Amino acid sequence: MEHHKKYLKLADTIINLQGRNVLEVGGCSPIDLILNYKPNCWTCVDLNAKAVSLFNENVRKRKIAKYSANLIDISKFDTQEKYDLIYSINSFEHIHDLEKTLKKMYLALRPEGYLFTVFGPIWSSDVGHHLSISTENEQTLNFQQGILSPWEHLISTPKDLKTRLEQEYGSETAQKAVTYIYEYKDLNRLYEHEYFSIIKNSQFSKILSIKKRKGIAPKMDGVTNTRELMFILKKGDSHLLEKSMMLLKLVGACLTQRIYKLKGI
Ligand SMILES: C[S@@+](CC[C@H](N)C(=O)[O-])C[C@H]1O[C@@H](n2cnc3c(N)ncnc32)[C@H](O)[C@@H]1O
């Protein structure tokens, strides 16, 4: 809930959600929070069936017009120039065909519309593996617990990592962890420079890109200490004044509301 509050507030501060037609990609934000910002319409596209049905159930219960969630892959979502804003939180690192997705997003936006996305931890960061599994004795192991040392998923080989984890967690859990880290299908395993290159080669203009960094990265090709990325992109030309205004709003929000820790721009 906290991260939804934070990012909705941030998007509203920078772009203003009131009266906007918003397409949320890779998630269904809580309706109570969305309503605070009075968007005109809110459409979600997500592959999480539970989240989609919960959102639609809440819409029905509250009889809210113009809100809906769709269980569909964004790279297959077809709509024409309808939305003022695309809002996407912690989903870009999961979306496989990001090039195709950006094309669909571009088509879905009206001219001068914006894409606001924050996502991470990305694969090339210290905890980019997203490890989250249950162990042989029903405990949950996740990446925030420091089970892997920073960047170990990139420094080590699957075989060496399995041998190391076996000693601590047993062979079943070690195998499960290694399978998750290197084969879990819901992660795209893109490196930082690949996101920048995909975005540069898209039809969007870049307004802002922000990097949230952590640690000192090992010297390996493509490996960096950027954990999280934020992009504000535009369908149309970006102007210096607009870029400066958005940057000022972002910095203002970070300083006054402490809604986002700004480390690197
Ligand atoms: C880590 S969850 C984030 C959910 C939510 N935005 C949040 O911040 O709590 C990633 C979400 O991306 C969605 N997702 C991944 N690939 C997708 C795709 N190709 N099309 C639509 N949704 C996708 C998943 O279904 C999942 O709900």
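Source: prediction; values computed, not measured.

Side note on the domain arrangement of the protein chain
Inference 1: Segmentation of the protein chain into domains returns domain 1 (2-123 + 187-256) and domain 2 (132-183).
Inference 2: Computed from C-alpha coordinates alone, the two centres of domain 1 and domain 2 are separated by 30 Å.
Inference 3: When domain 1 packs against domain 2, the two sides together hide about 810 Å² of surface, and 70% of this comes from carbon and sulfur.
Inference 4: Three residues stand out in domain 1 for area buried against domain 2, namely Trp123, Arg189 and Met220, and they jointly supply 54% of the buried area on that side.
Inference 5: At the junction of domain 1 and domain 2, the tally comes to zero salt bridges.
Inference 6: For the interface between domain 1 and domain 2, the tally reads four residue pairs in polar contact (both at pLDDT 80 or more).

Things to note about the site of the ligand
Inference 1: Taken together, 16 residues lie near the ligand, and His3, Gly26, Asp46, Asp73 and Ile89 sit nearest.
Inference 2: Within the side chain of Asp46, one N or O atom sits 2.7 Å away from an oxygen atom of the ligand.
Inference 3: For the ligand, whose free accessible area comes to 590 Å², the fraction covered by protein is 79%.
Inference 4: Broken down by secondary-structure element, the contributors of at least two residues to the shell around the ligand are α1 (2-15) and β2 (41-46).
Inference 5: Residues belonging to the shell around the ligand are distributed by class as follows: six nonpolar, eight polar and two charged.

Quick notes on the state of the cysteines
Inference 1: Tallied over the full model, the rule gives zero disulfides.
Inference 2: Here Cys28 is not disulfide-linked; the sulfur of Cys44 is the nearest cysteine sulfur, at 4.1 Å.
Inference 3: Here Cys41 is not cross-linked by a disulfide; its sulfur's nearest cysteine counterpart is in Cys44, at 10 Å.
Inference 4: For Cys41, a relative accessible area of 10% puts it in the buried group.

Cut-off values and rules
The residue count restarts for each chain, going from 1 along the sequence in the order it is written. Under the rules for a predicted model, residues below a pLDDT of 70 receive no local features and side-chain atom pairs below 80 are neither given nor counted, while totals for whole chains, interfaces and linings still include all residues. Processing note: side-chain calculations cover all non-hydrogen atoms of the structure and skip hydrogens and water entirely. For each domain, the first and last residues come from an automatic or database assignment. Computed with a 1.4 Å rolling probe, the buried area is the accessible surface lost when two parts are put together, summed over both parts. The term salt bridge refers to a pairing of a side-chain nitrogen on Lys or Arg with a carboxyl oxygen on Asp or Glu at a separation within 4 Å. N or O atoms closer than or at 3.5 Å make up a polar contact, with two conditions inside protein: a donor-capable atom paired with an acceptor-capable one, and, for residues adjacent in sequence, both atoms drawn from side chains. Nearness here has a simple test: a residue counts as near a molecule or strand if at least one of its heavy atoms is within 4 Å of that partner. Working definition of accessibility: Shrake-Rupley area with a 1.4 Å probe, residue cover restricted to the visible protein chains. Comment: elements are numbered from the N terminus, with helices defined as DSSP H or I runs of at least four residues and strands as E runs of at least two. Here the term charged refers only to Asp, Glu, Lys and Arg, the term nonpolar to Ala, Val, Leu, Ile, Met, Phe, Trp, Tyr, Cys and Pro, and the term polar to all other amino acids, Gly among them. The disulfide definition used here is simple: a pair of cysteine sulfur atoms within 2.5 Å. Exposed residues in this analysis have more than 50% of their type's maximum accessible area, buried residues have under 20%, and partly exposed residues fall in between, with area computed by a 1.4 Å probe over protein chains only.

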